[in-house]
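Examining the three-dimensional arrangement
The residues making up each chain are set out below.
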Amino acid sequence: MNRAALFDVDGTLADTNHLHVTCWWEAMRQAGHSVAMHDIHRAVGLPGEDLLVHLLGDDRDPGEDERLSAAHDTLYATYFDRLPGLDRAAELLRELDRRGWRVVLVTSAGEAELTALRGAIGADDAITATASSDDVSAGKPAPDPVRQGLELAGAAAGDAVFVGDTVWDMKAATRAGVSCVGLLCGGIPRRDLEEAGARAVYRHPADLLAALDDSPFADGSREAGR
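The text that follows walks through the structure, step by step, so that each part is easy to find. Everything numeric in this text was worked out from a predicted model, so none of it was measured.

**Here we look at the overall build of the protein chain**
A tally of regular secondary structure across the protein chain gives 10 helices and six strands. Taken against the 2.2 N^0.38 rule, which gives 17 Å for 226 residues, the C-alpha radius of gyration of the protein chain at 17 Å falls within 12% of a compact globule. Viewed in the frame of its principal axes, the protein chain has a C-alpha envelope of about 50 × 35 × 30 Å. By residue count, 53% of the 226 residues in the protein chain fall in the buried class. If you take every contact in the protein chain between residues at least 6 apart in sequence, the share linking residues at least 24 apart comes to 64%.

**As for the packing of helix α1 (residues 17-30) against helix α4 (residues 65-77)**
Where α1 meets α4, the axes come as close as 8 Å, and the angle between the chain directions of the two elements is 135 degrees. With respect to each other, α1 and α4 are oriented oblique. Crossing of α1 over α4 shows right-handed handedness. When α1 is examined against α4, the residues Leu19, His20, Cys23, Trp24, Glu26, Ala27 and Met28 are found in contact with a partner set consisting of Leu68, Ser69, Ala71, His72, Leu75 and Tyr76.

**Quick notes on helix α7 (residues 144-153)**
Burial in α7 covers these residues: Pro145, Val146, Gln148, Gly149, Leu150 and Ala153. In this structure, the buried residues of α7 make contact with β1 (2-7), β2 (101-107), β3 (127-132), β4 (155-164) and α8 (167-175). Remark: Gly154 follows α7 within two positions and exhibits a positive phi of approximately 65 degrees.

**Notes on the sheet that holds strand β6 (residues 200-202)**
Strand order in the open sheet formed by six strands is β3-β2-β1-β4-β5-β6, and the pairing between neighbours is parallel. At either end of the open sheet lies a strand with only one pairing partner, and these are β3 and β6. Going from strand to strand, the sheet's axes swing by 25 degrees on average, the running direction of each strand aside. Of the strand pairs in this sheet, β2 and β3 are connected by five bridges, and their pairing is parallel. Within β3, the residue paired with Val106 across the bridge is Ala131. Set on the sheet, α8 makes contact with β4 and β5 (179-183); between it and β5 the angle comes to about 170 degrees.

**Some thoughts on the packing of aromatic side chains**
Overall, the coordinates contain three aromatic pairs when judged by the stated rule. Relative to Phe217, the ring of Phe7 lies with its centre 6.5 Å away and its plane at 10 degrees, an arrangement referred to as stacked. Pair noted here: Phe7 is in strand β1 and Phe217 is in the segment after α10 (205-210), with a separation of 210 residues, a long-range link. In terms of burial, Phe7 and Phe217 fall into one category: buried. Between Tyr76 and Phe80 the ring centres are 5.8 Å apart and the planes differ by 85 degrees, which places this aromatic pair in the edge-to-face class. Note on Phe80: relative accessible area 25%, which makes it partly exposed.

**Regarding helix α3 (residues 48-56)**
When we look at burial in α3, the residues that qualify are Leu51, Leu52, Leu55 and Leu56. Mapping the buried residues of α3 onto a view down its axis gives an arc of 105 degrees, with all of them on the same face. On its buried face, α3 sits against α1, α2 (37-43) and α4. Where α3 terminates, the next one or two residues include Gly57, which has phi positive at roughly 90 degrees.

Conventions we followed
- Residues numbered from 1 in each chain as written.
- Predicted model: local features only at pLDDT ≥ 70, side-chain atom pairs only at ≥ 80, totals over all residues.
- Heavy atoms only, no water.
- Helix = DSSP H or I, 4+ residues; strand = E, 2+ residues; numbered from the N terminus.
- Rg over C-alpha atoms; globule rule 2.2 N^0.38 Å.
- Buried < 20%, exposed > 50% of the residue type's maximum accessible area, 1.4 Å probe, protein only.
- Contact = heavy atoms within 4.5 Å.
- Axes fitted to C-alpha atoms, helices over the stretch in contact; angles between N-to-C directions.
- Parallel < 35°, antiparallel > 145°, perpendicular 65-115°, else oblique.
- Left-handed = near helix turned anticlockwise from the far one by under 90°.
- Pairing = 2+ DSSP bridges.
- Phe/Tyr/Trp six-rings, centres within 6.5 Å; stacked < 30°, edge-to-face > 60°.
- Arc of directions from axis to C-beta.

So, in structure tokens, the structure goes:
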């Protein structure tokens, strides 16, 4: 049976969460909505429509969703040529690939955004496939994107580890029966990640890479962490 290393991208492999916060804040400001950046930060990781429901509520005008999402996407696209990959993210993916893990990206990013993100990470040679929320009926925190990643890797839930930086990542992986690792580089506190299901928490990809032999990626060490 194949082993799957499933990775969120924004905030996990690329240092982009605060860019998303700024772009969502500006998109909503232009539409007359006053939303605190702190609240937007906690919502990053949800698919666009779910993020708007989470921030603006069910009583918002849903006819405005497409315009808000388009404004966010246009603003965010201005950063595509300089998105920053996180330190040693590429080395982490390559090391897992070298050890026989099938690396699959599990993301809500669209095609153009994902192309820019993969360029920022610079490890296409280690990536087996990509699972997008566009491919499933429900995005994170539903388990559907994680299950799609498992299918693409040809792996069972018990032979996979998911790495992400938000509570939505942890909830999605847990609901799919996959052991999950949280990273603090997305700005979400350790306690929140652990309460959402993280079995181990590390600071950033470089920290996880350095501790790989004692992490949930080590055989028989799914409970390991810091």
